[in-house]
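Understanding the architecture of this molecule
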Amino acid sequence: MLTVANVSKTYSGKKLFIDVTTSFAPGNRYGLSGPNGAGKSTFMKILEGALEPDDGSVSRPRKTAYLKQDQSAYNEHTVLDTVMMGNAVLWEAMVERNKIYESGDESDEAGMRLAELEGVVAEENGYMAESEAEELLQGLGIPGELHQTLMSEMSGGNKVRALLAQALFGAPDCLLLDEPTNSLDLDTIEWLEEFLYSYGGVLVVISHDRRFLNDVCTHIADIDFETIITYPGNYDDMVRAKAAVRERQLMQNQAREKKISDLKDFIAKFSAGTRATQVQSRKKMVEKLAPADVKRSNIARPFIRFEIGRESGKHVVDVEHVTKDWGEGPLYTDFRSHVNRGDRIGIIGKDGMGKTTLLKLLTGEYKVDGKGKIEWGHETNVGYLPQEHEDTIEPGKTIDRWLHDYKPQADLEEIRGLLGRMLFRGDDGLKQTKTLSGGERVRMLFCKLMLLKHNVLVLDEPTNHLDLEGCSALAEGLAEYKGTLFVATHDRNLLSEACTRIWRIRDGEILDFQGSYDEFVERYGH
Ligand SMILES: Nc1ncnc2c1ncn2[C@@H]1O[C@H](COP(=O)(O)OP(=O)(O)OP(=O)(O)O)[C@@H](O)[C@H]1O
Ligand SMILES: [Mg+2]
């Protein structure tokens, strides 16, 4: 059992939750929901123990494992090491032990320390650790030849599998997952669902994927204005229950308001007359009847519009003989295509097929193999949103300053206007860049792209981290975009609303389909 008692947390005056008491039982599968910035990741860090609440306490199973929202945290480690880091005590002992061996230090002190460390390693079953980690990875579908690969080189789906293996290393009684579905294709999401069904411990998972929450969850713990309420059922059940409560409150308030206005009429009519005591008692009744605050809804929708500064030429990019091979067989061979101004291309394909690689070839970050060429046309001005953007907003600034630095000649009104459209209001401009939540960071990157008015946008999985309102606002904004768009995504709503052309990567080939996503599906299936 995971129990939370009277927990409160406030950040620089913003109350995230006050006096929350709740519990999570093994065997149930809890979804933690709430819009971007509601405090989901913060609450999960408190559950895990990485963060202390201002007040209150948490009691958790001894072995509690945690998959962070930041999936780039282990980028410079190999897959196998990442998994073994799941047992921190063991990992630290092994690292220190190896350091002493490598240093060649033969002093008594070093010897004593080594003996101590070997003791820890033995206690944690360290001699079996590597083979256990390997077995776990195999079980999650990561073949042996990838175990020594760096995490930075793994595709989104495999990375999540490896991080999950890390969380599972040491058989935890409690599993906390912060947005594990980001970047995953449908097959991998289904795989994850199956996997979670069979997990018997305490499970709490954060996701903005409604379908996933509906499929997986037996309960939803919803963060709404300073409190957390747990509803039985899946995500849609929670939305219905919440709407019903709200409806009831509204009706009660209407009845009260009617009564108040009747009483006030009476008071106005007779206040100068003889019925002084009746008037007094009715005045008291009015005071008592003040309508209860109907809970505001915490759901808000950003307004996303990408305008363009100067138009590009009609020919936007020529792709000729593009081949890319990282040494394990080509991702694609001899791809050719011509892109015109105003094309909005959705790039689809399973995890690991090379969507990100293709975008990076387009932006010039990677080089094309052999004689292939990618030639940009006249006056093109490309804005790029990478798939992993944990490091793209440097810490140590306020967010309005960060944004302003990209266009120093912009006046403050423009900056504030943009921030407001992306739901940073009032003093939010003074928020520190390092404190942004996942969804808030993406909204800031959109602010930057809107500010710079590019005539070409290259977006890699832009709906990762965004809440439902954010995702639909983005689809709408991209559908209105007058420039040229390349977007790699698994979000079918976005593909269907915004794209006029599809590049599908599969089995080493790119299919260039001149039509909408719906037409594509009709013809080729998913
Ligand atoms: N160290 C900090 N100092 C000040 N404010 C912070 C800090 N960490 C987080 N916040 C703020 O607390 C709020 C909640 O952040 P949190 O990361 O928990 O949100 P979230 O619900 O996980 O959002 P998302 O869906 O975008 O991931 C945000 O407004 C964030 O800016
Ligand atoms: Mg979060």
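Residues numbered from 1 in each chain as written. Chains lettered and ligands numbered in written order. Predicted model: local features only at pLDDT ≥ 70, side-chain atom pairs only at ≥ 80, totals over all residues. Heavy atoms only, no water.

Throughout the structure, instances matching the rule amount to 30 salt bridges. Here R97 and E118 are joined by a salt bridge, their closest N and O atoms 3.3 Å apart. Taken together, the residues span a long stretch of sequence, with R97 in helix α3 (residues 88–103) and E118 in helix α4 (residues 108–123) at a distance of 21 residues. Accessibility expressed as a relative area gives 13% for R97, which makes it buried. For D343, the salt bridge goes to R501, with nearest N and O atoms at 2.7 Å. One end of the pair, D343, is in the loop between β11 (330–340) and β12 (344–348); the other, R501, is in strand β17 (residues 501–506), and 158 residues separate them in sequence. Taken as a pair, D343 and R501 share a single burial class, namely buried. Among the charged side chains, a salt-bridge network with shared partners connects R301, R305, E469 and E476. (Salt bridge = Lys/Arg side-chain N within 4 Å of Asp/Glu carboxyl O. Helix = DSSP H or I, 4+ residues; strand = E, 2+ residues; numbered from the N terminus. Buried < 20%, exposed > 50% of the residue type's maximum accessible area, 1.4 Å probe, protein only.)

Coordination of the magnesium ion (ligand 2) by the protein involves S41 (OG) and Q69 (OE1), with metal-donor separations of 2.0 to 2.2 Å. Of the two residues, S41 sits in helix α1 (residues 40–48) while Q69 sits in the loop between β5 (64–67) and α2 (79–84), which places them 28 residues apart along the sequence. (Donors = N, O, S within 2.8 Å, 3.2 Å for Na, K, Ca; no water.)

Turning our attention to the sheet that holds strand β4 (residues 55–59). The strands making up a sheet are joined through hydrogen bonds of the backbone, oriented either antiparallel or parallel. Read from one edge to the other, the open sheet built from 3 strands follows the order β2-β1-β4, with strand pairing classed as antiparallel. Edge strands, defined here as strands with exactly one partner in the open sheet, are β2 (14–24) and β4. Put simply, the sheet's adjacent strands are angled 20 degrees from each other on average, direction ignored. Judged from the 7 bridges that link them, strand β1 (residues 2–11) and β2 form a sheet pairing that is antiparallel. (Pairing = 2+ DSSP bridges. Axes fitted to C-alpha atoms, helices over the stretch in contact; angles between N-to-C directions.)

Applying the stated criterion to the full structure yields 0 disulfides. Unpaired in terms of disulfides, C447 finds its nearest cysteine sulfur in C471, a separation of 16 Å. Among the residues examined, C447 registers a relative accessible area of 0% and is labelled buried. As a non-bridged cysteine, C499 has C471 as the owner of its nearest cysteine sulfur, 14 Å distant. Of the residues examined, C499 reaches a relative accessible area of 5% and is grouped as buried. (Disulfide = S-S within 2.5 Å.)

All right, on to helix α6 (residues 156–168) then. Across its 13 residues, α6 extends 18 Å between first and last C-alpha, which sits within 8% of the 18 Å expected from 1.5 Å per residue. By the criterion of burial, α6 is predominantly enclosed, with 12 of the 13 residues buried. Residues of α6 that are buried include every one of G156, G157, K159, V160, R161, A162, L163, L164, A165, Q166, A167 and L168, and no others. Where α6 is buried, its residues meet β5, α2, α5 (126–139), β6 (174–178) and α7 (186–197). Immediately downstream of α6, the backbone of G170 shows phi near 95 degrees, a positive value. (Expected span 1.5 Å × (residues − 1). Contact = heavy atoms within 4.5 Å.)

What follows concerns α3. Taking 1.5 Å per residue, 16 residues should reach 22 Å; α3 reaches 22 Å between its end C-alpha atoms and fits that length. In the core, the buried residues of α3 are packed alongside α2, α4 and α5. Remark: G104 follows α3 within two positions and exhibits a positive phi of approximately 70 degrees.

Before going further, it helps to spend a moment on the site of ligand 1. Neighbouring ligand 1 are 21 residues, the closest being K40, S41, T42, S437 and G439. One of the backbone nitrogen or oxygen atoms of A38 is found 3.3 Å away from an oxygen atom of ligand 1. Between S437 and ligand 1, the recorded distance is 2.7 Å, taken from a side-chain N or O atom to an oxygen atom. Burial of ligand 1 by the protein chains amounts to 87% of its free accessible area of 640 Å². For the shell around ligand 1, the secondary structure elements donating two or more residues are β2, α1 and α14 (438–452). Of the residues that constitute the shell around ligand 1, the class distribution is 4 nonpolar, 12 polar and 5 charged. (Near = heavy atom within 4 Å. Polar contact = N/O pair within 3.5 Å; in protein donor to acceptor, adjacent residues only side chain to side chain. Areas by Shrake-Rupley, 256 points an atom, 1.4 Å probe, with all protein chains shown as cover. Nonpolar A, V, L, I, M, F, W, Y, C, P; charged D, E, K, R; others polar.)

On to the pairing of β6, then. Among the 5 residues that make up β6, 5 are buried, leaving the element largely enclosed by the rest of the structure. Across the two faces of β6 the burial is the same, with C174, L176 and D178 and L175 and L177 all buried. As judged from the 4 bridges shared by β5 and β6, these two strands associate in the parallel manner. Bridging across to β6, T64 finds its partner in C174. Sheet analysis places β6 next to strand β7 (residues 202–206), joined by 5 bridges and oriented parallel. Within β7, the residue paired with L175 across the bridge is L203.

All right, on to the sheet that holds strand β18 (residues 509–513) then. With mixed pairing, the 6 strands of this open sheet are ordered in space as β14-β15-β16-β12-β17-β18. If you trace the sheet from one side to the other, it starts and ends with β14 (382–385) and β18, each paired once. Along the sheet, successive strands turn relative to each other by an average axial angle of 15 degrees, direction set aside. Bridging between β12 and strand β16 (residues 484–488) involves 4 bridges; their strand directions are parallel. Each bridged residue has a counterpart across the sheet, and for I345 the counterpart in β16 is F486. Helix α11 (residues 355–363) rests against β12, β14, β15 (456–460), β16, β17 and β18 of the sheet, and its axis sits at about 150 degrees to β15.

Once that is clear, we can look at the pairing of β1. Hairpin geometry of β1 and β2 is characterised by an intervening segment of 2 residues between the two adjacent antiparallel strands and by a positive phi of about 30 degrees at S12. Bridge analysis of β1 against β4 gives 4 bridges, and the strand direction is antiparallel. Bridge pairing in β4 places V4 opposite V58.

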